[in-house]
Amino acid sequence: MTLAACPGCVAVAPSVDAAANKASGGAAALHLALPQIRCAACIAGVEGVLAKLPSVQSARVNLGAKRVRIVLAHGYDADGALKALNDAGFEAHELDATALRPMGDDTGRRLLARAAVAGFAMMNVMAVSVAVWSGAGDITRVMFHWVSAAIALPALAFSAVPFFASAAVALRAGRMNMDVPIALAILLAAATSLYETFAATGAHTWFDAALSLTFFLLVGRYLEHRARATARSAAAELTALELPRATRLTPVGRETVDVATLMPEDRIALAVGARAPVDGIALGAAMVDRSALTGEAEPIVLTAGDPVCAGEVILGSPLTLRVVRRAEDSTLRRLAALVEVAETGKHRYSGIADRAARLYAPVVHGLAAVAFVVWWGLTGDLHHAIAVATATLIITCPCALALAIPAVTAAMTGRLFRDGVLLKSPTALERLAEIDTVLFDKTGTLTEGVARLPELDATAASVALGLARVSDHPASRALAAALHNHRPADLSELHEVPGEGVFGLWNGAQVWLGRGQDGPELHLPDRCIPLPLLETPRPGAAEVVQALRGRGLTVAMVTGDTDARAAALAATLGIDRVHAGVRPEDKADLVRQMADRGKLVLMVGDGLNDTAALAGAHASLAPATALDAARVASDGVMLGGDLLAIDETLRLARRARSRIRQNLALAAAYNAVAIPVAVMGYATPLMAAVVMSTSSILVVLNAVRR
C-alpha cells in the first residue's frame, strides 16, 4: 500500500473519464478523473506511478479539474494504467469523456472584455468632456463632441450587445424584460447625443452617460455570471460514469467492444476491481461494492443468478456477467434522468431580482412615456421632451437593482470560500436563507467510515495486515490503512473466498480474516480477535445538529443502511427523524414529499445515490470528499471536513438575504427621490448618469461591508 501526505492519497475513490482519441503517431489519450486528490503529493504520486509504465508516454495531472491526462503508446489500452493506479492505492474506473462539457468560460471572458472596453471609453469621454463642462468655445465644444462620438459609438456597438440582443429576443417574443428599458436608454442617450453633435447647437452631449450606464450594468452582469461559472450538469457527470469499453466473451475468445454495442444475452468478463458497465445477471460467485449507488460501504455477496447494476464494483474474484439491458437503459442512465428532471426544477427558481424585474420594465417605460408626452404637450419642444424622457430612463435604469443581488452574492460567496464553503449557484444564498429542514445522508456525510481498532499486539497486527492488504473488500482496505505502521507477516497460499474472507498459511498454520457477528474477525491458530470497524462521525457532526436545532430547524437523516445502525448513529448525534433502507430513487421522492408538505429542504450528501436528491432539494451541499457527480449536483461544496461549516453557511445566507433587502430598499428610496426630479425636468441625462452611478456605488459598499 502506498502512503502519502493527505487522506485523499490513501483512499482515493475516483471517477474516471476515458477517451481513446487518436493522436499523432497512433497514440491514444486517456483522461482519468480523480475527484479526491487534494495536494501536490497526490499529483506526484499519480504521475510517479504512471511514469514507470512502458505503455505511458506522458501523464499530466490537473489538480483544479481533478483529472489526469495520459498519452498511451500505440497498441496499448487503459487496463495497464488502471491496474497500476489500483495497485498503488489510487482506484480508477473508466468513464466516457465525450459526455462531459468543456471547461472553458467564454461567456465570462466576453462580459469582462465588454466591461473593460466600456470602462476605458467612459473614462476617456469624461476626460474629453472636462473642457466642455469648463465652458469651451463653440468650435472647441463641437470638436470635443465629435471626439466623444468617435470614442463612444464603437465602444457602445461592442459593449452593449448583451442588452440589445436580450431586449430584441424579448420583444420578438412579445414580452418585456429588464434589458428593454436598458437598451432603450442607451439608444436614446446615444441618438440624442449624436443629434446634438450634428446640429452643433447643444451645450452638452451624453455619450458619457450611455457609457457609464453600460459599464456599471456589465459589471453587475459579470458578477452574476461568476457566481455560476463553476456549475456544470450533474446529469452529464452521471452519464460520464458509464464505461466506454467492455470485454465481450464470444465462441472464439475475448474481444474489446464499445459498451453501446452490447445487447441483452451478451456475456462480458469483469476483473476484480472493475466497474460493471451495464445491468446484468451474475454467472458465478463474487462480491460487489455498491457504495457508489447506495452510499453504504458494506459489500454484497453474490451468487449465480443475482442482479448486478451498472456502476457496481466487482470484489473478491472475477465475474462473468450476462447483459440484461442495453447501456442506454442502465441504472446509471435512469439515475441521470432523475437528476436532469430535478435540475430543471431548481433552475425555475424565481429569485428576488426576477420578481422585481416583472414590475420594473412596464413602470419605467410608463414614466418615461408620460414625461415625454407631458413635456412635449406643455412646451412644444421635441428636443427637450426627448431629453427629459432620456434622463428619466437613465436615472431609473436598474444599475442599483442589477447590482443589489450580484454584489451581495459575490461578497458573501467570497467570505464563505475563505471559510471553506464554495457556492456555485447564483441563487444559492437566497435559497439557503429560506431553509427550514436539513436532511443529511449518513455514510460519507455524517460519518467518515474510519476504522477504530482495539489495541493489537505486534504479531496479530502483522498477520492482520498481511491478510487485509491482498483484498479489495472495503473493510480490508480500512484495516490495511489503520495498520500501515506495522510490517506485514510472511504469509503463503493467500486466497480470498467471496463472502467468507481471506485465508493464508502462517508458520504452517492456517489463519484467516473474515466476517464475524459484530464485524471483521482475525482468526489465529490460538485465538480469535474481533476487529470492530465503527463508523466515526465527522468532526462537528453532533455540534452542527445541535446548532441547527437551536436555530429552530428540523434535522433528519436518510440512509440506505439498516434501521438498527441508522438509529444508533442518530441517537449519538441527537437526530430524531431517521429514514433508513432508502434506495437512491426514493431519496429524491422523500425530498419531493417534504417539499409537497411545504418544507424547504437543505440536502447534504456525498454519493451517486444522493445526486437526484441534491439536485431536487431547495438547496444542497456536498463535502469535498463526495463523488464528482454529487459535487456537481449540489449548490455548494464544503472544502473542509468540519460539518459546522453548514451552520455558518446558513447564518451568512440569512445575513446576505438581509443585505439584499437593504439594497433593494436603498434602490427603491433612490428611485422615489430621483424619478420626480427627472420627470420634472430638473435632471439632464448627464446628471442622471452621475446620480445613477452614485446609487450603484452605495449598493456595492453596503454589500461588501462586514
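Residue positions are given per chain, counted from 1 along the sequence in the order it is written. Two thresholds apply to this predicted model, a pLDDT of at least 70 for residue-level local features and 80 or more for giving and counting side-chain atom pairs, whereas whole-chain, interface and lining totals are computed over all residues. Note that the side-chain values use all heavy atoms of the structure and ignore hydrogens as well as water.

## Examining the overall build of the protein
Then step 1. Along its length, the protein carries 25 helices and 25 strands.
Then step 2. Here the protein holds 706 residues, and the buried ones make up 52% of them.
Then step 3. Accessible areas in this description were obtained via Shrake-Rupley with a 1.4 Å probe; residue shielding takes into account the shown protein chains only. Carbon and sulfur atoms make up 59% of the accessible area of the protein, which amounts to about 30100 Å² in all. A run of H or I in DSSP counts as a helix once it spans at least four residues, and a run of E counts as a strand once it spans at least two, with each numbered from the N terminus. The buried label goes to any residue with under 20% of its type's maximum accessible area, the exposed label to any with over 50%, and the partly exposed label to all in between, with areas taken from a 1.4 Å probe on protein chains only.

## With respect to the sheet that holds strand S5 (residues 245-250)
Then step 1. Pairing between strands is defined by DSSP: at least two bridges between the two strands are required. A sheet is described by the order of its strands in space; here six strands give the open sequence S6-S5-S7-S13-S8-S11, paired in antiparallel fashion. Of all strands in the sheet, those with a lone pairing partner are strand S6 (253-258) and strand S11 (307-308), marking the two edges.

## Things to note about helix H6 (residues 161-172)
Then step 1. The span expected for a helix works out to 1.5 Å for each residue beyond the first. The end-to-end C-alpha distance of H6, which contains twelve residues, comes to 16 Å, matching closely the 16 Å that a straight helix rising 1.5 Å per residue would cover.
Then step 2. Pro162, Phe163, Ala167 and Ala170 are the residues of H6 that are buried. Along H6, the residues classed as buried sweep out an arc of 120° about the axis, all on the same side.
Then step 3. Residue Gly174 follows H6 closely and has a positive phi angle near 75°. Starting at the helix axis, one direction is taken to each C-beta atom, and the arc is that of these directions.

## Quick notes on the confidence of the model for the protein
Then step 1. pLDDT is defined as a per-residue confidence score from the predictor, taking values between 0 and 100. Here the protein averages 76 in pLDDT, while 74% of its residues score no lower than 70.
Then step 2. When the elements of the protein are averaged for pLDDT, helix H1 (residues 7-10) gives the smallest value, 35, and strand S23 (residues 601-604) the largest, 94.
Then step 3. Contacts of residues 1-25 to residues separated by more than four positions or lying in other chains number 80 contacts, the stretch itself having pLDDT below 50.
Then step 4. Whether two residues are in contact is decided by their heavy atoms: any pair within 4.5 Å suffices. In the model, residues 342-350 has pLDDT below 50 throughout and makes 23 contacts with residues more than four positions away in sequence or in other chains.

## As for the nonpolar core
Then step 1. With 42 residues, the main nonpolar core has Val438, Phe440, Leu446, Leu548, Leu602, Ile646 and Leu650 as its most contacted residues.
Then step 2. The biggest single contributor to this core is helix H24 (residues 644-679), with eight residues.
Then step 3. Apart from residues no more than four positions distant in its own chain, Leu548 is found in contact with Val438, Phe440, Leu553, Val555, Ile646, Asp647 and Leu650. In this description, a nonpolar core means a group of buried Ala, Val, Leu, Ile, Met, Phe, Trp, Tyr and Cys residues linked to one another through side-chain atoms lying within 4.5 Å.

## So, the environment of Val591
Then step 1. Among the structural elements, Val591 can be located in helix H21 (residues 584-596).
Then step 2. Put simply, Val591 and Met603 are twelve residues apart on the chain and 8.1 Å apart in space, counted from C-alpha to C-alpha.
Then step 3. With sequence-adjacent residues up to four places away left out, Val591 is seen in contact with Leu439, Ala613, Gly616 and Ala617.

## Looking at the pairing of strand S18 (residues 509-516)
Then step 1. Summarising the sheet, strand S17 (residues 501-506) and S18 pair through six bridges and their orientation is antiparallel. Residue pairing in the sheet places Val502 in a bridge with Leu513 of S18.
Then step 2. Here S17 folds back onto S18 in antiparallel fashion, the turn holding two residues, of which Asn507 has a positive phi close to 55°.

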